[in-house]
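One letter stands for each residue in the lines below.
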Amino acid sequence: MGLNRQQLSTLNSQGYLVVPNFYSPEQCQLLKAEIRQIIRAEMDVNSRGRQMSATFNASVEVEKQNIGNYFIESGDKIRFFYEEDPDKENNEMFERPLNKIGHALHWHSKIFRKLSLEYCKTSSILRSLGFIKPSICQSMYIFKREKVGSAVRPHTDGTFQISTGAVVGFWVALEDATIRNGCLWFEPGSHQKEIQSFYERTDESNFETMKLRNPQQYDDSKFVPCEVKAGDLVLIDKAVIHKSEQNTSEKPRDAFTFHVNENYNADWSKLNWLQPTGRSASFPVVFDDSI
Ligand code: FE2
């Protein structure tokens, strides 16, 4: 179930790789049903008076995004981020379409945990990539709703997950992802250049002020689309440049994504926005071959 030599070679040369049928149609349905259950539970809590939520818009420059404590403290929680809608600024937040739910579905939901942290295909792939003590540092359910799902600006994941060790993104389509509904786009081979831009806390003890060090410009003509079927996995090297466009179609483009970081001989930067907090001194480990 791990990657074969051809797949490893493609990942090494392109910086990303499509692995077909990572989830079965039944597993995709299970995750979609679970997220509906999580939303219903949140709405129930909100109907009894709690009004915590935030918007998220990755189509604008990261420093102009409306990132507050609700986001910064979400690394070990399940939190809800809605699409921005400038025309409806005064309307009820919860009537807006969801942008994403994150960032610890793999801690709190048995089903998300089983299909990420405890999933045999996850560990097989990580072993074939040479991981020794991998942990999941974040997980997200991304909606990209029909007609309103916003674009994600070109970036490398290593800009937001700063480590001296390997970091790999697992991105699984839960609907067919096409150019029209906002599939991923990549600049193939761009991972061979060093990551230059880093999204950091201004100091280790400051959990509120983030800064993008050395922002980069990206060449739009170099991107190629990565259309995939529901259940297909896209593996994403931390240094490959990628983006997605707005969903202009009539179809949603749900995806489940989680990121895995190596802990063996690797330092997770204390300036990362995402830190193990409260519940645990470290992110949940997938397996540990180092002991
Ligand atoms: Fe990304």
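Please refer to the structure higher up on the page.
Predicted model, so just to flag it, every value in this text is computed and none were measured.

Below, the discussion takes up the pairing of strand β7 (residues 167-173). Extensive coverage of β7 is indicated by the burial of seven of its seven residues. Where β7 and strand β14 (residues 255-262) come together, seven bridges link them in antiparallel fashion. Bridge pairing links Val-167 to Asn-261 in β14. Here five bridges tie β7 to strand β12 (residues 233-237), and the two strands are oriented antiparallel to one another. Among the inter-strand pairings, Phe-170 is bridged to a residue of β12, identified as Leu-235.

Our next topic: the sheet that holds strand β3 (residues 78-82). Overall, mixed pairing links the eight strands, which are arranged β1-β12-β7-β14-β5-β4-β3-β2 in an open sheet. Strands with a single pairing partner mark the edges of an open sheet, and in this sheet they are β1 (16-19) and β2 (54-55). Where strand β5 (residues 134-142) and β14 come together, eight bridges link them in antiparallel fashion. Directly across from Ser-139, in β14, lies its bridge partner Phe-258. Helix α1 (residues 5-14) contacts β1 and β12 of the sheet and is inclined by roughly 145° relative to β1. Of the strands in this sheet, β5, β7, β12 and β14 touch helix α6 (residues 120-128), which is tilted by about 140° from β7.

A word on unusual backbone geometry. With omega at 10°, the peptide bond leading from Gly-102 into His-103 counts as cis. As for its position among the elements, His-103 is in strand β4 (residues 98-103). Although it is not a glycine, Asn-21 adopts a positive phi angle of roughly 55°. Relative to the helices and strands, Asn-21 is located in the loop between β1 and α2 (25-47). The exposure class assigned to Asn-21 is exposed, which follows from its relative accessible area of 52%. We note that Asn-265 has phi near 55°; this positive angle belongs to a residue other than glycine.

Moving on, we get to the packing of aromatic side chains. Scanning the entire structure with this criterion turns up 15 aromatic pairs. Ring centres of Trp-268 and Phe-283 lie 5.4 Å apart, and the angle between their planes is 85°; on these two criteria the pair is classed as edge-to-face. Of this pair, Trp-268 sits in the segment after β14 while Phe-283 sits in the segment after β14, and the two are 15 residues apart along the sequence. Taking relative accessible area as the criterion, Phe-283 reaches 5% and is therefore assigned buried. Joined through ring pairs, the aromatic side chains of Phe-22, Tyr-23, Phe-112, Tyr-119, Tyr-141, Phe-143, Phe-170, Phe-256 and Phe-258 make up one cluster.

In this section: the side chain of Ser-190. Relative to the assigned elements, Ser-190 resides in the loop between β8 (184-186) and β9 (198-201). Every residue in contact with Ser-190, bar those within four places of it in the chain, is listed here: Ala-239, Val-240 and Ile-241.

You can see Lys-238 is positioned in the loop between β12 and β13 (242-244). Among the polar contacts made by the side chain of Lys-238, one reaches the main-chain carbonyl oxygen of Gly-165 at a distance of 2.8 Å. Excluding residues that lie within four positions of it along the chain, Lys-238 makes contacts with Thr-156, Asp-157, Gly-158, Ser-163, Thr-164, Gly-165, Val-167 and Ile-195.

What counts as what
Residues numbered from 1 in each chain as written. Predicted model: local features only at pLDDT ≥ 70, side-chain atom pairs only at ≥ 80, totals over all residues. Heavy atoms only, no water. Buried < 20%, exposed > 50% of the residue type's maximum accessible area, 1.4 Å probe, protein only. Helix = DSSP H or I, 4+ residues; strand = E, 2+ residues; numbered from the N terminus. Pairing = 2+ DSSP bridges. Contact = heavy atoms within 4.5 Å. Axes fitted to C-alpha atoms, helices over the stretch in contact; angles between N-to-C directions. Phe/Tyr/Trp six-rings, centres within 6.5 Å; stacked < 30°, edge-to-face > 60°. Polar contact = N/O pair within 3.5 Å; in protein donor to acceptor, adjacent residues only side chain to side chain.

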